[in-house]
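Next come the chains, spelled out residue by residue.
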Amino acid sequence: MKVILKDLSKHFGEVKAVDDLDLEIDDGEFVALLGPSGCGKTTILLMIAGIYKPTKGLIYFDERVVNNVLPKDRKIGMVFQSYALYPHMTVFSNIVFPLRLMKVHKEEMEERVRKVAQLVRIEELLDRKPGQLSGGQQQRVALARALIKEPEILLLDEPLSNLDARLRIMMRSELKRLQKDLGITTVFVTHDQLEALTMADRVAVVNLGCLQQFSTPDELYNHPKNLFVAGFIGSPPINFINVSLEKSDGRFLLKSRDFEIPLPKELGSKAGNNSTSSEVVLGIRPEHILINEKEGMDTEVYVVEPLGREILVSAQLGDSMIKVLTSPPFKADMGEKVRLSFKLDKIMLFDKKTEKSLLLDKD
Amino acid sequence: MKSLRKRNKVPRKSNPSSTVEKREVDFLKIGIYIFLILASMPIFLGFLWLFIGSVSKSLTYGIIPEGFSFKNWRFLWEKPYPSWPDIWLVSLNTLFLAFGVMIIVVAVSTMAGYVISRMKFPGRSFLLASTLILHAFPAITLLIGLYYVLRVLNLLDSVMGVILARAGLFIPFAIWIMKGFFDGISWDMEMSALIDGASRFQVFRKIMLPMVGPGIAGISIFAFITGWSEFIFVITFIRKPSAWTLTSYVNSVIANWRFVDFGLLAATSLFYVGPVLLFFIFTQKYLMQITVGGMKGGR
């Protein structure tokens, strides 16, 4: 089922939790709502669920406006961050609760519980109480309860945040596979960009109640629309350096106190066309910086952190600290001089005032 | 437990200083026990006197028991005075009073506690504040007012009148306790049930009520005991013997115009306190939980 949010707003008194949000989720798509805590992403989810009524705007399921449809009539399943299992009921009763309310025939009920329990592999836990289960098991039970109604839309609120690190990585791939097998339109909320990038078909980055960008993980990473998205996506985070964009001899230059970079022609003219002033923020991801080159900027090693597969180097360039990811072997002492150079085809440029990317075609 | 003990024994043998420590702890314990025993003596001796007095032939000066006899328990099968009602009718009245208070209190306070905890409505904070004030009101100051209200409602001289008055005064406290219990349940639980297909009322009945079970149990017990031990309203509002409760019965033994039959007083008192004592012993584990919920209510 398609989910379309149109001009959606939710205000709690003076606070605008969600502001004029537009989003179109395709049938069978796995979409992540990503943003820092308090950005309004859970509010969006609860509006789709029908728990909160939008202050303004419309919610469509396919062609139907569902603003006034009760949660129980929306054909949705939801897993809460706290799992919200009913502690006084056994696992079986928890899972079967939605069917009980629908007054499904007893034999059918048992058959469906058996099926869904098999799907999330909790067949042997059905007689236990939620208090006797581990976090991972509780999550599976919550998932089973959400799936037993055979919902058309599945909503997950921070599904992995209460699990330990190992289990989280396992559940990440499992959830992704399950979603594809079932083909249910799924929306999940997370503050963890890694979770969003790894699991979702498309990611909606939300900040301060506004949609920042809605595109594939690859697009988000390589072509962020604005400073917020660029800074929020990626770990270790992108480097931002304040520079000025200047033109000399028909070519564009990036200039700062510590360096001067001539831009490739196409890049330069694009940035030049889009910029509103010469004040520009240069963004470069740590893996797109080369270290120990013969030519480049002179920097001083601040600290070296080996990560196993890679090595993270922090280097002082003027007043700013530049993070560089390089592959082993790399050795340098603190205070040693190294030369850095940027891969020019990978750099991003943002307008300092509007915070928008200068390299994307205007829409 | 067994493995714990074993583990404790090992260092004790190898480390002599720990035995010294152990002895100190024991002294402290003995001290505490002696204090507790002394402190509970007045109550214990009171009960002991009740028991001995109820089965003795006579009590000199109303205190010193002599001989052994069940004659004080005679009231169970015959009326001590012709004008008094049958003890079993009185017991039934008392049970009716206790259960009546309990049922009304539980029904009203669970629903009101839920609404106050979960819903926004105009006058909510005023309602909360006024329940607190009502709770602080000493019942005795309302005695005359209640008398008139009950007379207008034609509920004087009936157990029902006492039930309503007592329940009404108990409800504010119970609402606060129940609100605390409901506050302790996360919204997720409720939202989840709504999405699972429940109506708001089904959420209340199938999810919320079972989860506040300890609170309901605690309030039921308190309300029951309050009803069972109600004295002032019973004495004031009920005159007619057929509507007596055990409190009026015991009171009548004391207030008899000729002399006080201390043997009968002991026996009836014991008969009166017995059920509550048993009830208390079996339900005290629920009573322990209510303090937890009660603290939450203060938020």
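Chemist: Can you break down the overall build of chain A residue by residue, with the values?
Modeler: Scanning chain A from terminus to terminus reveals nine helices and 20 strands. Each principal axis of the C-alpha atoms in chain A carries an extent, and together these give about 80 × 45 × 35 Å. For chain A, buried positions account for 51% of its 363 residues. A separation threshold of at least 6 residues defines the contact pool for chain A, and within that pool the share at least 24 residues apart is 65%. Carbon together with sulfur atoms contributes 48% to the accessible area of chain A, which is approximately 17,700 Å² in total. Measuring between centres, the 50 positive side-chain charges of chain A sit 3 Å from its 52 negative side-chain charges.

Chemist: Residues and numbers for the confidence of the model for chain A, please.
Modeler: Mean pLDDT for chain A: 89, with 99% of residues reaching 70 or above. Element-level mean pLDDT values for chain A span from 80 in helix H9 (residues 265-274) of chain A up to 94 in strand E3 (residues 30-34) of chain A.

Chemist: Any details on the environment of Glu24(A)? Residues and values, ideally.
Modeler: Residues and elements named next belong to chain A. When you line up the elements, Glu24 lands in strand E2 (residues 15-25). When its relative accessible area of 41% is taken as the criterion, Glu24 is described as partly exposed. Between the C-alpha atoms of Glu24 and Asn94, which are 70 residues apart in sequence, the distance is 32 Å. Contacts of Glu24, omitting those with residues within four sequence positions, involve Lys2, Val3, Ile4, Glu29, Arg202 and Phe214.

Chemist: Outline the sheet that holds strand E6 (residues 76-79) of chain A, supporting the account with residue identities and numerical values.
Modeler: Residues and elements named next belong to chain A. What the six strands build is an open sheet, ordered E6-E7-E8-E3-E9-E10; its pairing is mixed. Two strands in the sheet have a free side with no partner beyond their single neighbour: E6 and strand E10 (210-215). With strand direction ignored, the average angle separating the axes of adjacent strands in the sheet is 15 degrees. In this sheet, E10 lies alongside strand E9 (residues 202-207) in antiparallel orientation, the contact comprising five bridges. Within E10, the residue paired with Val203 across the bridge is Ser215. Against the sheet, helix H4 (residues 135-147) touches E6 and strand E7 (153-157), its axis set at about 170 degrees to E6.

Chemist: Any details on empty space enclosed by the protein? Residues and values, ideally.
Modeler: Residue and element names in this part refer to chain A. One pass over the structure, following the stated rule, counts one cavity of 30 Å³ or more. Taken as a whole, the largest cavity holds about 70 Å³ of empty space. Lining of the largest cavity is provided by Phe30, Leu147, Leu154, Leu156, Leu175, Leu178, Gln179, Leu182, Ile184 and Thr186. At the level of elements, E7 and helix H5 (165-182) are the ones that each hand at least two residues to the lining of the largest cavity. Per-element accounting of the lining of the largest cavity gives the leading share, four residues, to H5. A per-class count over the lining of the largest cavity returns eight nonpolar, two polar and no charged.

Chemist: Help me get a handle on the side chain of Ser314(A), residues and values and all.
Modeler: All names here are of chain A. Looking at where Ser314 falls in the secondary structure, it is placed in strand E17 (residues 311-317). Using a relative accessible area of 2% as the deciding quantity, one classes Ser314 as buried. Contacts of Ser314, omitting those with residues within four sequence positions, involve Glu300, Val301, Tyr302, Val303, Glu305, Met321, Ile322 and Lys323.

Chemist: Can you tell me about the interface of chain A and chain B, naming the residues and giving the values?
Modeler: Counting residues at the interface gives 21 residues for chain A, matched by 15 residues for chain B. Buried surface at the junction of chain A and chain B, summed over both partners, amounts to about 1,600 Å²; 70% is from carbon and sulfur atoms. Counting the contacts that link chain A with chain B gives one salt bridge. Asp196(B) is paired through a salt bridge with Arg145(A); the nearest N and O atoms lie 3.4 Å apart. At the surface where chain A touches chain B, the tally comes to eight residue pairs in polar contact (both at pLDDT 80 or more). Counting residues per element, the ones that place at least two in the side of chain A that touches chain B are helix H1 (41-49), E6 and helix H2 (91-102) of chain A. Per element, the largest residue contribution to the side of chain A that touches chain B is three residues, and it comes from H2(A). For the side of chain A that touches chain B, a count of residues per class yields 16 nonpolar, two polar and three charged.

Chemist: Can you explain the packing of aromatic side chains? Please cite residues and give values.
Modeler: As enumerated under the stated definition, the model contains 28 aromatic pairs over all chains in all. Ring geometry for Tyr86(A) versus Phe97(A): centroids 5.0 Å apart, planes at 65 degrees, classification edge-to-face. Of this pair, Tyr86(A) sits in the loop between E6 and H2 while Phe97(A) sits in helix H2, and the two are 11 residues apart along the sequence. Owing to a relative accessible area of 0%, Tyr86(A) belongs among the buried residues under this scheme. Judged by relative accessible area, Phe97(A) falls into the buried class, the value being 4%. Ring centres of Trp88(B) and Phe271(B) lie 5.7 Å apart, and the angle between their planes is 85 degrees; on these two criteria the pair is classed as edge-to-face. With Trp88(B) in helix H3 (residues 87-118) and Phe271(B) in helix H12 (residues 262-297), this residue pair connects regions lying 183 residues apart in the sequence. Note on Phe271(B): relative accessible area 18%, which makes it buried. Here the aromatic cluster, defined as three or more aromatic residues joined through ring pairs, consists of Trp73(B), Phe75(B), Tyr81(B), Trp84(B), Trp88(B), Trp244(B), Tyr249(B) and Phe271(B). Directly above the ring of Tyr221(A) sits Arg285(A), whose terminal nitrogen or CZ lies 4.0 Å from the centroid. The ring of Trp187(B) has Arg118(B) lying over it, and the distance from NZ or CZ to the ring centre is 4.6 Å.

Chemist: Tell me what's going on with the packing of helix H7 (residues 187-196) of chain B against helix H8 (residues 200-211) of chain B, and back it up with residues and numbers.
Modeler: Residues and elements named next belong to chain B. Interaxial distance between H7 and H8 falls to 10 Å at its minimum, and their mutual angle equals 135 degrees. Relative to H8, the element H7 is oriented oblique. Crossing hand, H7 versus H8: right-handed. Where H7 abuts H8, its residues Trp187, Met189, Glu190, Ala193 and Leu194 lie against Arg200, Val203, Ile207, Met208 and Met211. Considered class by class, the residues forming the contact of H7 with H8 number eight nonpolar, no polar and two charged.

Chemist: Can you lay out the sheet that holds strand E12 (residues 251-255) of chain A for me, pointing to particular residues and giving the numbers?
Modeler: Residue and element names in this part refer to chain A. Across the sheet, five strands lie side by side as E13-E12-E11-E14-E20; this open sheet has antiparallel pairing. The open sheet has two edge strands with one neighbour each: strand E13 (260-262) and strand E20 (348-351). Here the average twist between neighbouring strands, direction ignored, is 35 degrees. Relative to E12, H9 is tilted by about 75 degrees, and along the sheet it contacts strand E11 (239-248), E12 and E20.

Chemist: If you had to explain the domain arrangement of chain B to someone new, which residues and values would you point to?
Modeler: All names here are of chain B. Taken domain by domain, chain B comprises domain 1 (14-69) and domain 2 (76-298). Between domain 1 and domain 2, the contact holds eight residues from the first and seven residues from the second. The contact between domain 1 and domain 2 buries some 630 Å² in all, and 87% of this surface belongs to carbon and sulfur atoms. The interface formed by domain 1 and domain 2 holds zero salt bridges in total. On inspection of domain 1 and its partner domain 2, the count reaches zero residue pairs in polar contact (both at pLDDT 80 or more).

What counts and what doesn't
- Residues numbered from 1 in each chain as written.
- Chains lettered and ligands numbered in written order.
- Predicted model: local features only at pLDDT ≥ 70, side-chain atom pairs only at ≥ 80, totals over all residues.
- Heavy atoms only, no water.
- Helix = DSSP H or I, 4+ residues; strand = E, 2+ residues; numbered from the N terminus.
- Buried < 20%, exposed > 50% of the residue type's maximum accessible area, 1.4 Å probe, protein only.
- Contact = heavy atoms within 4.5 Å.
- Areas by Shrake-Rupley, 256 points an atom, 1.4 Å probe, with all protein chains shown as cover.
- Lys, Arg positive; Asp, Glu negative; His and termini not counted.
- Charge placed at Lys NZ, Arg CZ, Asp CG, Glu CD.
- pLDDT = per-residue confidence, 0-100.
- Pairing = 2+ DSSP bridges.
- Axes fitted to C-alpha atoms, helices over the stretch in contact; angles between N-to-C directions.
- 1 Å grid on protein atoms, 1.4 Å probe; cavity = no way out; pocket = protein on both sides within 12 Å on 5 of 7 lines; lining within 4 Å.
- Points joined across faces, edges and corners; volume = space filled by probe spheres on them.
- Nonpolar A, V, L, I, M, F, W, Y, C, P; charged D, E, K, R; others polar.
- Buried area = accessible area lost by both parts, 1.4 Å probe.
- Salt bridge = Lys/Arg side-chain N within 4 Å of Asp/Glu carboxyl O.
- Polar contact = N/O pair within 3.5 Å; in protein donor to acceptor, adjacent residues only side chain to side chain.
- Phe/Tyr/Trp six-rings, centres within 6.5 Å; stacked < 30°, edge-to-face > 60°.
- Lys NZ or Arg CZ within 6 Å of the ring centre and 35° of its normal.
- Parallel < 35°, antiparallel > 145°, perpendicular 65-115°, else oblique.
- Left-handed = near helix turned anticlockwise from the far one by under 90°.
- Domains from an automatic or database assignment.

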